[in-house]
Amino acid sequence: MKIGLVGFAGSGKTTVFNTMTGLDVPVGYGGEVRLGTVRVPDERIDRLSAMFTPKKTTYAEMTFCDVPGEHGAERKGLSSRALSTIREQEALALVLRDFGNPAIEGDADPLRDLSAFTDECILADLGIVEGLLARARKENLPAADRERLERMQAVLEEGRPLRTLSATELDRASLKGYQLLTDRPLLVVVNREEAGAAEPLPEDLAARVSELGAGGLALSASVEAEIATLDAEDQAAFLQDLGLAESALARFIRTAYGLLDLISFFTVGEDEVRAWTITRGMNARTAAGKIHSDLERGFIRAEVMGYDVFIEHGSEHAVKEAGLFRVEGKDYVVADGDIMNIRFNV
Ligand SMILES: Nc1nc2c(ncn2[C@@H]2O[C@H](COP(=O)(O)OP(=O)(O)O)[C@@H](O)[C@H]2O)c(=O)[nH]1
Ligand SMILES: [Mg+2]
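Just so you know, these numbers come straight off a predicted model, no measurement behind them.

Next up on the list: the overall build of the protein. The helix and strand inventory of the protein stands at 15 helices and 12 strands. At 23 Å, the protein has a C-alpha radius of gyration in line with the 20 Å of a compact globule built from 346 residues. Expressed as lengths along the three principal axes of its C-alpha atoms, the size of the protein is roughly 65 × 60 × 35 Å. For the protein, long-range pairs separated by at least 24 residues make up 68% of all intrachain contacts whose partners lie at least 6 apart in sequence.

Take a look at the structure:
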């Protein structure tokens, strides 16, 4: 999963990026586009790894991209370079400044910045959709295509992002390549002073986030950066002092998984214990394709144990004895935590 950190200059994108990735990119305006990959913490993998003692343990991964905003100024629009990098991301995390930044004039106002960012993206999309519509009319494309574009145009003209359309109205797959901005999932990250780190989003902001079809999360990047320098025990104590149960990275990833409807299944063995990320609702055969295309092509069946069942019984043998070991076909909808072994033949 590739998530772009976007937002106006000085909102704390690079600080958030460093916090998440453990990298140490200089903060300040501008700079290059940076990539950092983190493992998705998962206690289930920790546990499975302890049980199987495999040669290799592989967690799911999430790649963060720090997309620099426009140089120097806030709310002066996104550069074309920023826009084109944003278009490469599968999901966006919009960092909103909610702390006093001496380099920026005026008070922090996350709601204002959320609107400004949204409006810019909507305008950019409207330009694209209008162009497509003009071409569809000129070339006399099928009425269904035209109507879909008209529906998109109407939504954008109302000031709503395309993601607020239902999946059938939007038909995401056919939009790939159009380089739209408001169709992809959005996670709004409110970056605060230390004091507010554990507070929920204020009501007006939360309401706006939900109207936009987005998810929301508050954190304090500077506090998290501090925490990251401590050892594990002190980290837990520090988080507790702030009223937080877990680190921003863990919260971020959990929120992102929920927003993007992602789940994990596992493969286990002496060689490797591994987590695989898929979209909820995916069938066993497509999920097998995440491991290798041969497994999808030559799919015969999936042998499945739920993680909880496996832990409760302690071994595959015991799960079988209890009659809870399952054999599923290609259409089986994979559940979060399924431990799967794919039988295939190519
Ligand atoms: N007080 C406070 N300052 C922050 C926080 N996050 C970032 N900053 C500061 O804000 C400035 C801009 O941060 P930076 O990460 O470079 O923002 P970017 O332009 O969005 O990448 C830097 O001086 C950071 O140290 C925060 O949570 N609290
Ligand atoms: Mg930066």
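Let's pick the thread back up.
Attention now goes to the nonpolar core. Core analysis: the largest hydrophobic core is formed by 77 residues, its most contacted members being Leu-5, Ala-93, Leu-94, Leu-187, Val-188, Val-189 and Phe-266. Among the elements that make up this core, the one with the highest residue count is helix H4 (residues 110–138) (7 residues). The two domains that each donate at least three residues to this core are domain 1 (2–258) and domain 2 (281–344).

Note on helix geometry: an α-helix contains 3.6 residues per turn, so any two residues three or four positions apart are oriented the same way. If you check helix H11 (residues 248–260), its first and last C-alpha atoms are 18 Å apart, about what 13 residues at 1.5 Å a residue would give, namely 18 Å. By the burial criterion, the buried members of H11 are Ala-248, Leu-249, Phe-252, Ile-253 and Ala-256. One side of H11 holds all its buried residues, which, seen down the axis, span an arc of 125 degrees. A positive phi of about 60 degrees marks Asp-261, the residue just after H11.

Here the focus is the site of ligand 1. Inspection of the region around ligand 1 gives 19 residues, with Gly-12, Lys-13, Thr-14, Thr-15 and Val-27 positioned closest. When residues of the shell around ligand 1 are traced back to their parent elements, those giving at least two are helix H1 (13–21), strand S6 (186–192) and helix H9 (221–228). Top element by residues in the shell around ligand 1 is H1. It accounts for 3 residues. For the shell around ligand 1, the class distribution of residues is 5 nonpolar, 11 polar and 3 charged.

Time to look at unusual backbone geometry. Even without a glycine there, the phi angle at Asn-140 is positive, about 55 degrees. Considering the arrangement of structural elements, one finds Asn-140 in the loop between H4 and helix H5 (143–157). Look at Asn-140 and you get exposed, because 8 C-beta atoms sit within 10 Å. At Gln-179, a position not held by glycine, the phi torsion is positive, near 65 degrees. Using a count of 15 C-beta atoms within 10 Å as the deciding quantity, one classes Gln-179 as partly exposed.

Along strand S5 (residues 91–98), 7 of the 8 residues are buried, which leaves the element largely enclosed by surrounding structure. Both S5 and S6 contribute to a ladder of 7 bridges, which runs parallel. What sits directly across from Arg-97, in S6, is Asn-191.

Let us look at the sheet that holds strand S7 (residues 215–219). Here 6 strands make up an open sheet; going across it, the order is S2-S4-S1-S5-S6-S7 and the pairing mixed. Either end of the sheet is taken by a strand with one partner, and the two such strands are strand S2 (34–39) and S7. Within the sheet, the average angular offset between the axes of one strand and its neighbour, ignoring direction, is 25 degrees. Where strand S1 (residues 2–6) lies against strand S4 (residues 61–66), 4 bridges are found, and the strand directions are parallel. Looking at S4, one finds that Gly-4 is bridged to Cys-65. Set on the sheet, H1 makes contact with S1, S2, S4, S5 and S6; between it and S4 the angle comes to about 155 degrees.

Okay, the environment of Phe-64 next. Along the chain, the position of Phe-64 falls in strand S4. On a C-alpha basis, the gap between Phe-64 and Leu-92 in space is 9.6 Å, while along the polypeptide they are 28 residues apart.

In terms of burial, S6 is largely enclosed, as 7 of its 7 residues are buried. Burial along S6 is two-sided: the face carrying Leu-186, Val-188, Val-190 and Arg-192 and the face carrying Leu-187, Val-189 and Asn-191 are both buried. Of the pairings in the sheet, the one linking S6 to S7 comprises 5 bridges and is parallel in character. Following the sheet pairing, Val-190 is matched in S7 by Ala-218. Read as a crossover between parallel neighbours, the route from S6 over helix H8 (residues 203–211) to S7 is right-handed.

Right, let's get into the domain arrangement of the protein. One can read the domain layout of the protein as domain 1 (2–258) and domain 2 (281–344). On a C-alpha basis, the centroid separation for the pair domain 1 and domain 2 is 33 Å.

This brings us to the packing of H4 against H8. The interhelical angle for the contact between H4 and H8, taken along N-to-C directions, is 20 degrees, at an axis separation of 10 Å. Looking at the two axes, H4 sits roughly parallel to H8. In this structure, the crossing between H4 and H8 has a hand that is left-handed. Contacts between H4 and H8 pair Pro-110, Leu-111 and Leu-114 from the former with Asp-204, Leu-205 and Arg-208 from the latter.

Rules used throughout
Residues numbered from 1 in each chain as written. Chains lettered and ligands numbered in written order. Predicted model: local features only at pLDDT ≥ 70, side-chain atom pairs only at ≥ 80, totals over all residues. Helix = DSSP H or I, 4+ residues; strand = E, 2+ residues; numbered from the N terminus. Rg over C-alpha atoms; globule rule 2.2 N^0.38 Å. Contact = placed C-beta atoms within 7 Å. Core = buried A, V, L, I, M, F, W, Y, C linked by C-beta atoms within 7 Å. Buried ≥ 20, exposed ≤ 12 C-beta atoms within 10 Å, placed from the backbone. Domains from an automatic or database assignment. Expected span 1.5 Å × (residues − 1). Arc of directions from axis to C-beta. Near = placed C-beta within 6 Å. Nonpolar A, V, L, I, M, F, W, Y, C, P; charged D, E, K, R; others polar. Pairing = 2+ DSSP bridges. Axes fitted to C-alpha atoms, helices over the stretch in contact; angles between N-to-C directions. Right-handed = clockwise from strand over helix to strand, strands pointing away. Parallel < 35°, antiparallel > 145°, perpendicular 65-115°, else oblique. Left-handed = near helix turned anticlockwise from the far one by under 90°.

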